[in-house]
Amino acid sequence: DDDTFSNVFCENSTKLINVHLFALAAKYYSLSNLGVCTPLEDVLEALRGDHQGTTGIKTDEFMNNKKSHEVQVMSELVDSIANYCGIKQVIDIGSGKGYLSSFLSMQYNLKVYGIDSSNTNTNGAHERNRKLKKHWKAYQSRGRANLKSQRLEKANDRPVESEIKCKAISEKPLNNDSSLQSQDQVTIQDLVPSCGFTEVATSETSKQTEVDLVTQTQSDESKLSEEVLAILNVLPADAVEVSSSSQCSCGELCEEERAQRKMASLKAKATKSSESNLYFPLTSCITAETELSDIITDLEDCMMVGLHTCGDLAANTLRIFTAKPEIKAVCSVGCCYHLLSEQFENQEDCPEEVWGFPMCQYLKDKGWCCGRNARMSACLALERVAVGQMLPTESLFYRAVLQVIIEEIYGVTKSDRHVGKTFSKSSSFIDYVRRSLKKLELDDSKLPDSCIMDYHEKYKHRMNELEAFNMLKVVLAPCIEVLILLDRLCYLKEQDNIAWSGLVKLFDPVKSPRCYAVIALKKQSCF
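Residues numbered from 1 in each chain as written. Predicted model: local features only at pLDDT ≥ 70, side-chain atom pairs only at ≥ 80, totals over all residues. Heavy atoms only, no water.

K.L.:
What is the right way to read the overall build of the protein from this model?
P.N.:
Scanning the protein from N- to C-terminus turns up 17 helices and seven strands. For the protein, the residues scored as buried account for 43% of the 527 residues in total. For the protein, restricting intrachain contacts to residue pairs at least 6 apart in sequence, the fraction spanning at least 24 positions comes to 74%. Carbon and sulfur atoms provide 50% of the accessible area of the protein, an area that totals close to 27900 Å². (Helix = DSSP H or I, 4+ residues; strand = E, 2+ residues; numbered from the N terminus. Buried < 20%, exposed > 50% of the residue type's maximum accessible area, 1.4 Å probe, protein only. Contact = heavy atoms within 4.5 Å. Areas by Shrake-Rupley, 256 points an atom, 1.4 Å probe, with all protein chains shown as cover.)

K.L.:
For this particular structure, what's the right way to read the pairing of strand β4 (residues 302-310)?
P.N.:
Moving residue by residue along a regular strand, the side chains alternate between the two faces of the sheet. Burial runs high along β4: eight of the nine residues are buried. In this structure, β4 lies alongside strand β5 (residues 327-335), joined through eight bridges in parallel fashion. Within β5, the position partnered with M303 by the bridge is A329. The handedness of the β4 to β5 crossover, carried by helix α10 (residues 312-323), is right-handed. (Pairing = 2+ DSSP bridges. Right-handed = clockwise from strand over helix to strand, strands pointing away.)

K.L.:
Help me out: how do you make sense of the packing of helix α3 (residues 40-48) against helix α4 (residues 65-85) in this one?
P.N.:
To describe two helices that pack against each other, one gives the angle between their axes and the distance between the axes. Between α3 and α4, whose axes approach to 9 Å, the crossing angle comes to 35 degrees. For the pair α3 and α4, the crossing hand works out as left-handed. Residues L40, V43, L44, A46, L47 and R48 of α3 pack against V73, E76, L77, S80, I81 and Y84 of α4. Its residues assigned to classes, the contact of α3 with α4 shows nine nonpolar, one polar and two charged. (Axes fitted to C-alpha atoms, helices over the stretch in contact; angles between N-to-C directions. Left-handed = near helix turned anticlockwise from the far one by under 90°. Nonpolar A, V, L, I, M, F, W, Y, C, P; charged D, E, K, R; others polar.)

K.L.:
Which parts of the structure should I look at to understand the environment of A499?
P.N.:
As for its position among the elements, A499 is in strand β6 (residues 498-505). Between the alpha carbons of A499 and A520 there is a distance of 7.5 Å; along the sequence they are 21 residues apart.

K.L.:
Would you take a moment to explain the sheet that holds strand β2 (residues 111-116) for this structure?
P.N.:
Two orientations exist for strands paired in a sheet by backbone hydrogen bonds: parallel and antiparallel. Ordered by their spatial adjacency, seven strands build an open sheet running β3-β2-β1-β4-β5-β7-β6, and the pairing between neighbours is mixed. One side of each edge strand has no neighbouring strand; the edge strands of this open sheet are β3 (279-283) and β6. Taken pair by pair, the neighbouring strands of this sheet meet at an average axis angle of 15 degrees, ignoring direction. Across four bridges, strand β1 (residues 89-93) lies against β4 in parallel orientation. Residue pairing across strands places I91 opposite M304, the latter belonging to β4. Across the sheet, helix α5 (residues 99-108) lies against β1, β2, β3 and β4, angled at about 175 degrees from β2, the strand it touches most. In this fold α10 packs onto β1, β4, β5, β6 and β7 (516-522), with an angle of close to 170 degrees to the strand it touches most, β5.

K.L.:
I keep staring at unusual backbone geometry and nothing clicks. Help me out?
P.N.:
Most of the time, phi is negative for any residue but glycine, and the peptide bond is trans. Cis peptide bonds are those with omega within 30 degrees of zero, and the linkage from F357 to P358 qualifies with -5 degrees. Examined against the element boundaries, P358 turns out to sit in the loop between β5 and α11 (361-366). We note that C336 has phi near 50 degrees; this positive angle belongs to a residue other than glycine. Turning to its location among the elements, C336 is positioned in the loop between β5 and α11.

K.L.:
Any chance you could explain the confidence of the model for the protein here in plain terms?
P.N.:
Detailed reading of the predicted model is not advised wherever pLDDT is low. Mean pLDDT over the protein works out to 77, with 66% of the residues at or above the 70 mark. The model gives residues 268-276 a pLDDT under 50, and that stretch makes six contacts with residues more than four places away or in other chains. (pLDDT = per-residue confidence, 0-100.)

K.L.:
Whenever I open this one, the pattern of salt bridges confuses me. Can you help?
P.N.:
One side chain can pair with another of opposite charge once the charged atoms of both are near each other. Applying the stated criterion across every chain, the model contains 15 salt bridges. With a closest N to O distance of 3.0 Å, K324 and E291 form a salt bridge. Placement of the pair is K324 in the loop between α10 and β5 and E291 in the loop between β3 and α9 (292-295), with a sequence separation of 33 residues. A relative accessible area of 38% means that E291 is categorised as partly exposed. Residue R514 is joined to E481 by a salt bridge in which the shortest nitrogen-to-oxygen separation is 3.1 Å. (Salt bridge = Lys/Arg side-chain N within 4 Å of Asp/Glu carboxyl O.)

K.L.:
Can you walk me through the nonpolar core in this structure?
P.N.:
Across soluble globular proteins, you tend to see nonpolar side chains buried next to one another. Counting 75 residues, the largest nonpolar core has M74, L77, I81, M303, C331, L506 and I519 as the members making the most contacts within it. Tallying contributions element by element places α4 first for this core, with nine residues. In terms of nonpolar packing, the next biggest core, distinct from the first, is built from 19 residues, F397, F429, L447 and L466 among them. (Core = buried A, V, L, I, M, F, W, Y, C linked by side-chain atoms within 4.5 Å.)

K.L.:
What is the right way to read α10 from this model?
P.N.:
Residues that lie three or four places apart on an α-helix share one face, since the helix turns once every 3.6 residues. Look at α10: 16 Å from first C-alpha to last across 12 residues, which is about the 16 Å you get at 1.5 Å a residue. By the criterion of burial, α10 is predominantly enclosed, with 10 of the 12 residues buried. Among all positions of α10, only L313, A314, A315, N316, T317, L318, R319, I320, F321 and T322 are buried. (Expected span 1.5 Å × (residues − 1).)

K.L.:
Got a minute to help me understand the packing of aromatic side chains in this structure?
P.N.:
Where two aromatic rings form a pair, the distance of their centres and the angle of their planes describe that pair. This model, assessed by the stated rule, comprises nine aromatic pairs. Each ring, one from F5 and one from Y28, has its centre 5.7 Å from the other, and the planes form 55 degrees; the classification is tilted. With F5 in the segment before α1 (19-28) and Y28 in helix α1, this pair connects stretches of sequence that are 23 residues apart. With 5.2 Å between their ring centres and 70 degrees between their planes, Y398 and F423 make a pair best called edge-to-face. One end of the pair, Y398, is in helix α14 (residues 393-408); the other, F423, is in the loop between α14 and α15 (429-439), and 25 residues separate them in sequence. Taken together, Y398, F423, F429 and Y432 form an aromatic cluster joined through their ring pairs. Above the ring of F321, the side-chain terminus of K522 is found at 4.7 Å from the ring centroid. (Phe/Tyr/Trp six-rings, centres within 6.5 Å; stacked < 30°, edge-to-face > 60°. Lys NZ or Arg CZ within 6 Å of the ring centre and 35° of its normal.)

K.L.:
Looking at this model, I keep getting lost on the environment of C331. Mind explaining?
P.N.:
Mapped onto the secondary structure, C331 falls in strand β5. The sequence separation of C331 and A517 amounts to 186 residues, and the corresponding C-alpha distance is 6.3 Å. Sequence-distant contacts of C331, that is, excluding residues within four places in its chain, are made with M74, L77, I81, M303, M304, V305, G306, A517, V518 and I519.

K.L.:
Explain the pairing of β6 to me, please; I cannot follow it from the model alone.
P.N.:
The buried fraction of β6 amounts to seven of the eight residues, a majority that puts the element mostly inside the structure. Two strands pair when backbone bridges link them, and β6 and β7 are joined in this way by seven bridges, in the antiparallel orientation. Across the sheet, residue L503 finds its bridge partner in β7, namely V518.

K.L.:
Would you explain the state of the cysteines in this entry?
P.N.:
Counted by the stated rule, this structure contains zero disulfides. Looking at C310, it has no disulfide partner, and the nearest cysteine sulfur is the one in C336, 3.2 Å off. You can call C310 partly exposed: its relative accessible area is 33%. Free cysteine C379: the closest other cysteine sulfur is in C336, separated by 6.4 Å. (Disulfide = S-S within 2.5 Å.)

Okay, here's the thing in structure tokens:
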């Protein structure tokens with residue numbers, strides 16, 4: 001009911017009069033409450049079927065805790081999408097130092113092009129990747145040993161089959177080949193003929209035992225059917241190509257055919273091994289008009305990813321995805337909302353035709369504008385504040401008083417220059433002001449220390465007000481982020497060539513506040 005929160009603000013003065021109701025309204029309009037997100041577990045289940053992932057190598061041995069968490073979770077999802085679409089090439093937009101790119105290449109044997117606008121980042125990525133390769137085999141061996149140990153523990157927990165006979169196999173063995181064109185694919189259409197949905201089911205690749213070739217019993221078949229029905233709401237029928245080749249049951253496989261398949265599997269593994277560790281850091285500035293084929297000479301069917309793509313780069317990633325037929329999927333996590341360009345904000349100063357916000361036609365027709373202050377608020381981390389990681393009140397107070405000084409003393413109300421992280425380098429408020437004025441290229445010689453401290457003392461008693469104000473901004477932050485993310489999702493929904501698109505919460509928001517990914521897959525006809 002729209003009237004529920006009508007008493008948050010005074011109708012005449014528009015002032016906030018009910019803080020509790022304000023907080024409830026903000027929570028009501030947050031992503032977690034609106035129910036528009038697709039759970040990560042549902043997406044992975046739909047993409048992988050029976051596949052349980054590859055050797056678990058922990059990233060925290062060569063990344064900090066935050067980056068390790070992000071790379072571990074996102075790389076698993078990217079690999080699942082790549083397997084689902086039958087592609088081996090990944091383009092990492094805004095790749096930075098190559099944390100995600102190198103891990104996708106080495107852990108999942110994907111061919112990754114990392115594109116960043118900073119040549120310094122690209123050079124750093126090259127050097128980091130070189131060092132990482134030296135230690136990778138040790139990480140892999142340790143990971144395989146851990147996985148083998150886990151499998152043995154699981155095997156000891158269940159009864160061992162005393163006898164395995166080929167005639168007992170009633171279903172075709174699930175093959176790991178990720179290509180949608182593989183002869184060994186099993187389509188689920190035979191199990192659920194009435195739903196018109198096909199899905200590729202895969203199994204683990206590493207050292208298959210005879211147990212992996214055992215047929216599914218009737219109860220297993222029933223369970224599989226239930227799982228297929230459960231994921232129909234996640235991915236649509238035209239998100240994957242239908243296998244047209246006829247399939248025979250495993251029970252009919254002769255020894256010769258099994259030997260041929262074993263040899264084919266060994267060749268596939270050899271090919272996969274020879275293609276591993278392919279990561280290419282590149283330097284280029286990406287815009288909505290960028291032609292990827294000009295940057296990547298061997299561009300093929302691929303997917304685009306972006307881990308915390310800054311400002312307009314997140315929007316441009318989605319635009320490139322929808323425009324280029326060779327890009328079959330996208331997984332983008334944006335950040336730095338305050339750097340977004342807005343079509344309906346100061347448009348006389350910005351002649352660009354492509355904007356970071358809004359993207360969807362609905363908000364364009366409304367002429368919607370957030371403004372820089374709102375976008376700055378969207379960058380705040382409510383979940384961190386909720387667990388006690390409070391806002392830096394003193395640095396915010398310094399910044400607020402500084403703004404009063406430069407307006408009243410220097411008459412400056414707007415500047416293209418930034419103060420940056422001056423607070424952490426300053427020994428006092430006086431030192432902070434003088435460092436900031438130099439960064440802003442303002443003459444600090446006409447401002448004595450006593451005058452600076454007078455401003456500090458004048459506003460010191462209002463620090464509590466500033467803290468309360470910023471807490472209200474933190475509470476409102478998720479609502480503004482919702483608007484930006486739903487704008488991107490609606491843009492994808494408006495496109496005719498998209499089979500499925502959704503918002504997925506990837507990360508723990510305390511570890512990584514910008515935790516939502518925009519994911520989309522092209523339709524079958526686009527494959």
